[in-house]
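Single-letter residue listing:
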Amino acid sequence: MDSSVYLKDKLFRRLGLFSSLTIIIICILMFVVLFIYSYPAIKQFGVVHFILSDTWNPVKKVFGGASAIYGTITTTLLALFFAIPLSVGIAIFITQLCPEKLKSYFSNAIELLASIPSIIYGMWGLFTLAPIMRIYVEPLLQKIFLPIPYVRYLFTGTPLGIDLLTAGVVLSIMIIPFITSIARDTFELVPKELKESAYAMGATKWEMIKDVILPYSRVGVLSGIIIAAGRALGETMAVAFVLGNDHNIHLSLLKSSTTISVTLANEFTEADFRLYISSLFYLAFILFIMSFTALGIAKFFLGKMRK
Amino acid sequence: MRIEKKRKIKNYIALSLATLTAIIGLFWLVFILTSILIKGLSAINLSLFLNDPAPPGIPGGGLRCAFIGQLIITILACIIGVPIGVLGGTFLAEYGRNNKLSGLVSALADMMTSFPSIVVGVFVYTLVVRPMGHFSGYAGALALAIIMIPIILRTTEETLKLIPWELREAAFALGAPYYLVIKDVVYRGAATGLFTGIMLSIARVAVETAPLLFTSFNNSFLTLNPNQPMPSLTVTIYQYAMGPYPDWHRLAWGASFVIVIFVLLFNIAGRFFIKKRLKK
């Protein structure tokens, strides 16, 4: 082979290799950098203490991540609570009920929800959804749930519209397309023979879905849910608009709160001394690990399913 | 007989519920889009595009600087992100096929596409903003590029893997070296797919907000120099929507309108290209 051609081929190969390695480099560098910058806070507050303490007081220079972590997990769980039944229902509709002609249009419409930027969700949440929640939905919820013992603690307080519940609703809309698309794909992988044998036994369509399709695609749907959770954990803008920024832990869903990403968005450029900045990096580091773990687990399940 | 009826009713209820969820999903989409489009439309006028922001509290003004800043940051991000993404994806699909390392890169890239974008912002802040001592358009572009690379890498890999292996073998048989095979056979066959993937990833990255908060920051003056803090549409929306002035809110709605139209156009164009390719 001509040596210049050989060189060019080698060069091209090298370029490709380095480009693909940037992914690994970025991941490792991110981990290292976040760790180094959060080290002063880790040394000062420790790991368990930082995660469990809910004091966030820049004036007294005491920081604990519990409130932000609580908010992050609560909004994510709320979003999953609303989104899972909806997404699975939508996936069932698309694969089993939707007329063949409309199928692709409908799938695209749901997928469009994923293309809407989070800042738009934020705007819409703040100016359109929050007033509706404040005036109609939350008073209604209070009317229903306040008389019930124990459950009532989730609904105490003045409805403001800027709270955990609204944030959960907005997040749930954002993650619907992720669960739906994976659920849809796995539903379609169910072998025809299995479905037909259920019908041959005289099962109704619902019984076939419940006893054949859902058990068969359990792992796929689960990984879709975990991916969606990973998304919801780190979502910033949509939540920043409708959550307020309150570093207290309230049991009530009608109180404002904060998440890790919202705290970062609101305070990162304002932090004016080393420990403050370092504590924010610490939060970012925790978020990094949380979402990496979630996405890793999802990836593992998906890989297992493919096999 | 009664059991049969019960099962039928159950079936009917469950299927209606599934249809209901589909209607709810569609309802959210329509609700969000129409409320943005209706409220945004009233904020659209020429001065939105031609003027710079007025001082706070004074009516009028536009977002010219934000449009231009957004454009510059996005273009810079593409200059960094597209070549790395395409080359990396090419490596995974061609040279590194069936390689353990490629499997790892591909899995990591997949995870990075769902990664919290604000963490990327924090990361770039430490890499670029801190050493330089000030916020800059370059930092914003780098943050967007970091988000863009894994997306383009994955779409490139998937697209190239769709090209039949036999085509490459035919070119090998003619004595072509691998890089020429890739350039003249594989890329040519995959051109529409690559183009669509790149377009869709740009559409996704261009409207990110969180990574820009601590990198390009904001600026209420027109600047063409990426070494300075640069305004972007998304960060401007965030600032204006959270601000107290009705006039700011109006501008934020106008900017949201433009972003939604942009996203819709890109998505429709992308689907159109995909369809065209499938028909061939």
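Each value, and the rule that gives it
Residues numbered from 1 in each chain as written. Chains lettered and ligands numbered in written order. Predicted model: local features only at pLDDT ≥ 70, side-chain atom pairs only at ≥ 80, totals over all residues. Heavy atoms only, no water. Helix = DSSP H or I, 4+ residues; strand = E, 2+ residues; numbered from the N terminus. Rg over C-alpha atoms; globule rule 2.2 N^0.38 Å. Buried < 20%, exposed > 50% of the residue type's maximum accessible area, 1.4 Å probe, protein only. Contact = heavy atoms within 4.5 Å. Domains from an automatic or database assignment. Buried area = accessible area lost by both parts, 1.4 Å probe. Salt bridge = Lys/Arg side-chain N within 4 Å of Asp/Glu carboxyl O. Polar contact = N/O pair within 3.5 Å; in protein donor to acceptor, adjacent residues only side chain to side chain. pLDDT = per-residue confidence, 0-100. Phe/Tyr/Trp six-rings, centres within 6.5 Å; stacked < 30°, edge-to-face > 60°. Lys NZ or Arg CZ within 6 Å of the ring centre and 35° of its normal. Patch = residues over 30% accessible without salt bridge, like charges linked within 9 Å, V, L, I, M, F, W, Y side chains within 5 Å. Areas by Shrake-Rupley, 256 points an atom, 1.4 Å probe, with all protein chains shown as cover. Nonpolar A, V, L, I, M, F, W, Y, C, P; charged D, E, K, R; others polar. Axes fitted to C-alpha atoms, helices over the stretch in contact; angles between N-to-C directions. Parallel < 35°, antiparallel > 145°, perpendicular 65-115°, else oblique. Core = buried A, V, L, I, M, F, W, Y, C linked by side-chain atoms within 4.5 Å.

Caption draft 1: Looking closely at the overall build of chain B. Helix and strand counts for chain B stand at eleven helices and zero strands. The linear arrangement of helices and strands in chain B, starting from the amino end, is α-α-α-α-α-α-α-α-α-α-α. In terms of overall dimensions, chain B is more spread out than a globule: its C-alpha atoms have a radius of gyration of 24 Å, far above the 19 Å expected for 280 residues. Each principal axis of the C-alpha atoms in chain B carries an extent, and together these give about 70 × 70 × 35 Å. Burial statistics for chain B: of 280 residues in total, 53% are counted as buried. Excluding contacts between residues fewer than 6 apart, the proportion of contacts in chain B whose partners are at least 24 apart in sequence is 73%.

Caption draft 2: Main features of the domain arrangement of chain B. Residues and elements named next belong to chain B. Split into domains, chain B comes out as domain 1 (2–41) and domain 2 (49–279). Put simply, the middle of domain 1 and the middle of domain 2, counted by C-alpha atoms, are 34 Å apart. Counting from both sides, the interface comprises seven residues of domain 1 and, opposite them, seven residues of domain 2. The contact between domain 1 and domain 2 buries some 630 Å² in all, and 91% of this surface belongs to carbon and sulfur atoms. At the junction of domain 1 with domain 2, the criterion picks out zero salt bridges. The interface formed by domain 1 and domain 2 holds zero residue pairs in polar contact (both at pLDDT 80 or more) in total.

Caption draft 3: Spatial organisation of the confidence of the model for chain A. Considering every residue of chain A, the mean pLDDT works out to 91; 99% of them sit at 70 or more. Here strand β1 (residues 56–57) of chain A stands out as the element of chain A with the lowest mean pLDDT, 88, in contrast to helix α3 (residues 66–97) of chain A, whose mean of 95 is the highest.

Caption draft 4: View of the packing of aromatic side chains. Under the counting rule described, the total for this entry stands at 40 aromatic pairs over all chains. Considering the side-chain rings of F45(A) and F63(A), the 6.2 Å spacing of their centres and the 80° angle between planes classify their relative orientation as edge-to-face. Of this pair, F45(A) sits in helix α1 (residues 3–45) while F63(A) is found in strand β2 (residues 62–63), placing the two residues 18 residues apart along the sequence. Take F45(A) and F63(A): they sit in the same class, and that class is buried. Judged by centre distance (5.0 Å) and plane angle (35°), the ring pair of F49(B) and F67(B) falls under tilted. With F49(B) in helix α2 (residues 46–50) and F67(B) in helix α3 (residues 64–93), this pair connects stretches of sequence that are 18 residues apart. Under the relative-accessibility criterion, F49(B) is labelled partly exposed at 33%. Here the basic side chain of K61(A) rests over the ring of F273(A), its NZ or CZ set 4.5 Å away from the ring centre. The ring of Y153(A) is capped by R152(A), whose NZ or CZ atom sits 5.9 Å from the centre of that ring.

Caption draft 5: Broad picture of the side chain of S87(A). Residues and elements named next belong to chain A. Mapping S87 onto the fold places it in helix α3. For S87, a relative accessible area of 0% puts it in the buried group. The contact partners of S87, leaving out residues within four places of it in the chain, are I176, I179 and T180.

Caption draft 6: Representation of a nonpolar patch on the surface in the model. All names here are of chain A. Residues I28, F31, V32, F35, I36, Y39 and I289 make up a contiguous nonpolar surface patch of roughly 620 Å² in combined accessible area. It is α1 that provides the largest number of residues to the nonpolar patch, a total of six residues. As for its position among the elements, I36 is in helix α1.

Caption draft 7: Just the interface of chain A and chain B, in detail. Listed per partner, the contact involves 82 residues of chain A and 82 residues of chain B. On the surface where chain A and chain B come into contact, there are two salt bridges. A salt bridge links K299(A) to D110(B); its shortest N-O distance comes to 2.6 Å. Considering every element that reaches the side of chain A that touches chain B, the biggest residue donor is α1(A), with 21 residues. Classifying every residue of the side of chain A that touches chain B by side-chain character gives 56 nonpolar, 18 polar and eight charged.

Caption draft 8: Highlighting the confidence of the model for chain B. Residues at a pLDDT of 70 or more form 98% of chain B, whose mean pLDDT is 89. Scored as a complex, the prediction yields pTM 0.92 and ipTM 0.90.

Caption draft 9: Local environment of the packing of α1(A) against α3(B). Following both chains from N to C, one finds α1(A) and α3(B) inclined at 105°, their axes separated by 7 Å at the closest point. Classified by the angle their axes make, α1(A) and α3(B) are roughly perpendicular. Listed contacts from α3(B) to F12(A), R13(A), L15(A), G16(A), L17(A), S19(A), S20(A) and T22(A) of α1(A) are I84(B), L87(B), G88(B), T90(B), F91(B) and L92(B). Residues belonging to the contact of α1(A) with α3(B) are distributed by class as follows: seven nonpolar, six polar and one charged.

Caption draft 10: A look at the nonpolar core. Grouped together as the largest cluster of nonpolar side chains are 187 residues, with contacts concentrated most on Y121(A), W124(A), L264(A) and L63(B). Taken together, domain 1 (2–41) and domain 2 (49–279) of chain B each give at least three residues to this core, which thus spans both. Not counting residues up to four positions away in its chain, the partners in contact with L264(A) are L280(A), A284(A), I118(B), V122(B) and F214(B). Residues I182(A), I226(A), A294(A) and A298(A) belong to the second largest nonpolar core, which totals six residues.

Caption draft 11: Focus on the pattern of salt bridges. All names here are of chain A. Under the counting rule described, the total for this entry stands at 15 salt bridges over all chains. As a salt-bridge pair, E111 and R184 come within 3.6 Å of each other at their nearest N and O atoms. Here E111, found in helix α4 (residues 100–115), pairs with R184, found in helix α6 (residues 164–189); they are 73 residues apart in sequence, far enough to count as distant. As a salt-bridge pair, K210 and D211 come within 3.9 Å of each other at their nearest N and O atoms. Here K210 falls in the partly exposed class, since its relative accessible area comes to 37%.

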